[in-house]
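# Fold and geometry: a report
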Amino acid sequence: MDKAKEFVEGIVRSIVDHPEDVKIKVVEGEKSTILELKVNPEDVSKVIGKGGRIARAIRTLIGVIAGRSNKRIILEILE
Amino acid sequence: MEFKDFQDFAGKNYDEAVEIALKTLGKTKEEVNIEVLQESSGKAKFFGFSLKSFKIRVFYHQDKPEIKEDQKEETDDFQEVAYDNMSVIGKKSYDFLKMTLGYLFKDAEIEKVQESDEVIQFFLHSENPDMIIGKSGILLESLQVLTYLVGNKHEDKWKRILINIDDYREKRETDIHDFIRNIAGRVKKTRRPFLTRPYSPYERRIIHMIIQEIPGLESVSEGNGLYKKVWIKSR
């Protein structure tokens, strides 16, 4: 799932104020992949957005990559 | 002189109707053409109140067709811009959108960009536009939300971002227009409110604008989140 990781990294780095603090850990499961996203505490609200709309937009777009790989990709934002 | 515009006015009698008309339009008697539509009959009294039953139609020439002017300005202001001539927001949005498309939709390209003081419009092209639009526009909307955030980051005056692919938005707008007008007619007739399916903010804006122009009706969004349903009801 390097592609999904790369994609999320690229997008999140553009959104946040501290791109150097963006870390993603990939946990591969049998049917799904979990992307654990860690950002600077100041940026957490930015990545989630008002009413979760930014996180939702990112997850929707991840769905495109997931659809091609036939595997679920779950984005978890760690606090 | 040909008078293109006209408006109807009513008063207790001819003089009052004319006076109201001239005041409203800001014209003198010489500048307009007055036609009597309905003369008041002597019996036009209703519980002691005299009805405003003298109706006239006033033809006049509008010096400043305000609405037309506005529309013209908007289209004139929209200019196709090459990358080098884009504003800072334009460049940031362009870079981000290009990067995102590169990850997700390799065959999509940014065909042209239009920019005005308030809005930046991206026109995309792809062999498979449906892939980029997503179910009821959800992917396009997501791209728009993220591009808006990244493009306007650290800016004082934010610009709206619109992403279009082929003529998707035009088609969708026409569909919404037809549907909402249809519903509005029904609500007006039956006076029964109607709740739509969830629409995106951009689409709700179109709906509110349509309903605003119809006297006697109002529209109210309902729900939380990005996609909300809209009530269309009589006021």
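Residues numbered from 1 in each chain as written. Chains lettered and ligands numbered in written order. Predicted model: local features only at pLDDT ≥ 70, side-chain atom pairs only at ≥ 80, totals over all residues. Heavy atoms only, no water.

## A look at the overall build of chain A
Assigned secondary structure in chain A consists of three helices and three strands. The secondary structure elements of chain A, listed N-terminal to C-terminal, are α-β-β-α-α-β. Looking at chain A residue by residue over its 79 residues, the buried ones come to 46%. Nonlocal contacts in chain A, meaning residues at least 24 apart in sequence, comprise 56% of its contacts between residues at least 6 apart. As displayed, chain A has an accessible area near 4300 Å², and 49% of this comes from carbon and sulfur atoms. (Helix = DSSP H or I, 4+ residues; strand = E, 2+ residues; numbered from the N terminus. Buried < 20%, exposed > 50% of the residue type's maximum accessible area, 1.4 Å probe, protein only. Contact = heavy atoms within 4.5 Å. Areas by Shrake-Rupley, 256 points an atom, 1.4 Å probe, with all protein chains shown as cover.)

## What to know about the layout of surface pockets
In this structure, the second largest pocket spans a volume of roughly 400 Å³. Along its surface, the second largest pocket is lined by 15 residues, and Arg53(A), Gln144(B), Tyr148(B), Arg160(B) and Pro201(B) are the ones closest to its centre. Mapped onto the lining of the second largest pocket, the elements with two or more residues apiece are helix H3 (53-69) of chain A together with helix H5 (138-152), strand S9 (160-165) and helix H7 (201-212) of chain B. In terms of residue count, the dominant contributor to the lining of the second largest pocket is H5(B) (five residues). Residue composition of the lining of the second largest pocket, grouped by class: nine nonpolar, one polar and five charged. (1 Å grid on protein atoms, 1.4 Å probe; cavity = no way out; pocket = protein on both sides within 12 Å on 5 of 7 lines; lining within 4 Å. Points joined across faces, edges and corners; volume = space filled by probe spheres on them. Nonpolar A, V, L, I, M, F, W, Y, C, P; charged D, E, K, R; others polar.)

## Quick look at the packing of helix H1 (residues 2-15) of chain A against helix H3 (residues 88-104) of chain B
Where H1(A) contacts H3(B), the axes come no closer than 10 Å and their chain directions differ by 170°. When the interaxial angle is binned, H1(A) and H3(B) end up roughly antiparallel. Together, Lys3(A), Glu6(A), Phe7(A), Gly10(A), Ile11(A) and Ser14(A) of H1(A) and Phe96(B), Met99(B), Thr100(B), Tyr103(B) and Leu104(B) of H3(B) make up the contact between the two elements. Classifying every residue of the contact of H1(A) with H3(B) by side-chain character gives six nonpolar, three polar and two charged. (Axes fitted to C-alpha atoms, helices over the stretch in contact; angles between N-to-C directions. Parallel < 35°, antiparallel > 145°, perpendicular 65-115°, else oblique.)

## Looking at the confidence of the model for chain B
Here chain B averages 85 in pLDDT, while 87% of its residues score no lower than 70. Both scores are given for the predicted complex: the pTM is 0.67, the ipTM 0.94. (pLDDT = per-residue confidence, 0-100.)

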